[in-house]
Amino acid sequence: VAPQANRAAALRQLAGLCDGFPLALEIAGKLAATNGLQATATAFASDARNAETSRGDKRHRSVAQAIAASFSRLSPGAQQLVRRMAMMPCAVHGQFAIAALGAKPHELQEAVLGGLVRGSSETPTFRLYDSVRMLLPDAPHLTDSTPHSAIAQRIAAWFQEESTRASTDLTIAESLGA
């Protein structure tokens, strides 16, 4: 069988396992880009078999379960980033997410590839998908245990560092006659 026919069959299998559910299709696409089409189809097929058995955890039977399953696959650092992004009412710049929210670049990438965070194609900004933002408060096990005040202090420190850096750059530029 030609490789193209195998690929088409694997794509049909994966799409069928997603039941046309847009979030599941998006997550599957991102996982396939990272892990390979066959590995992703195998993982989704395994999830589907587990959901159909009495011992299964019924993942992907609702939006909340699909989000929780995607969240559970993230590393602890990426999970923490998603929790902290839920506290932000808007999109955040990538540098802000890394510095102020305490993330590492690979954790931000992991959250995007996991289908929980959306990156802008025009600017280096990121935001949680609205469905993720809406469902996190209803899932206490997915919320951040770090006090809001500690995160607010980290954010304030980041803004102070950035404003100091900008002020220093401006002073240097002025002294050079720019």
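Because the structure is predicted, anything quoted here is derived from the model rather than measured.

Draft legend 1. Spatial organisation of the overall build of the protein chain. A count of helices and strands for the protein chain gives 9 helices and 3 strands. For the protein chain, the α and β elements follow one another from N to C terminus as α-α-α-α-α-β-α-α-β-β-α-α. A buried classification covers 34% of the 178 residues belonging to the protein chain. Summarising the internal contacts of the protein chain: among those between residues at least 6 apart in sequence, 62% fall at separations of at least 24. Entry remark: accessible area of the protein chain is about 10300 Å², with carbon and sulfur atoms responsible for 58%.

Draft legend 2. Expanded view of the side chain of Ser70. For Ser70, the position within the fold is in helix α4 (residues 63-72). Accessibility expressed as a relative area gives 4% for Ser70, which makes it buried. Residue contacts for Ser70: discarding those within four places in its chain leaves Ile27, Gly114 and Leu116.

Draft legend 3. Local environment of the environment of Leu128. Structurally, the position occupied by Leu128 is in strand β3 (residues 125-128). Of the residues examined, Leu128 reaches a relative accessible area of 0% and is grouped as buried.

Rules and cut-offs
Residues numbered from 1 in each chain as written. Predicted model: local features only at pLDDT ≥ 70, side-chain atom pairs only at ≥ 80, totals over all residues. Heavy atoms only, no water. Helix = DSSP H or I, 4+ residues; strand = E, 2+ residues; numbered from the N terminus. Buried < 20%, exposed > 50% of the residue type's maximum accessible area, 1.4 Å probe, protein only. Contact = heavy atoms within 4.5 Å. Areas by Shrake-Rupley, 256 points an atom, 1.4 Å probe, with all protein chains shown as cover.

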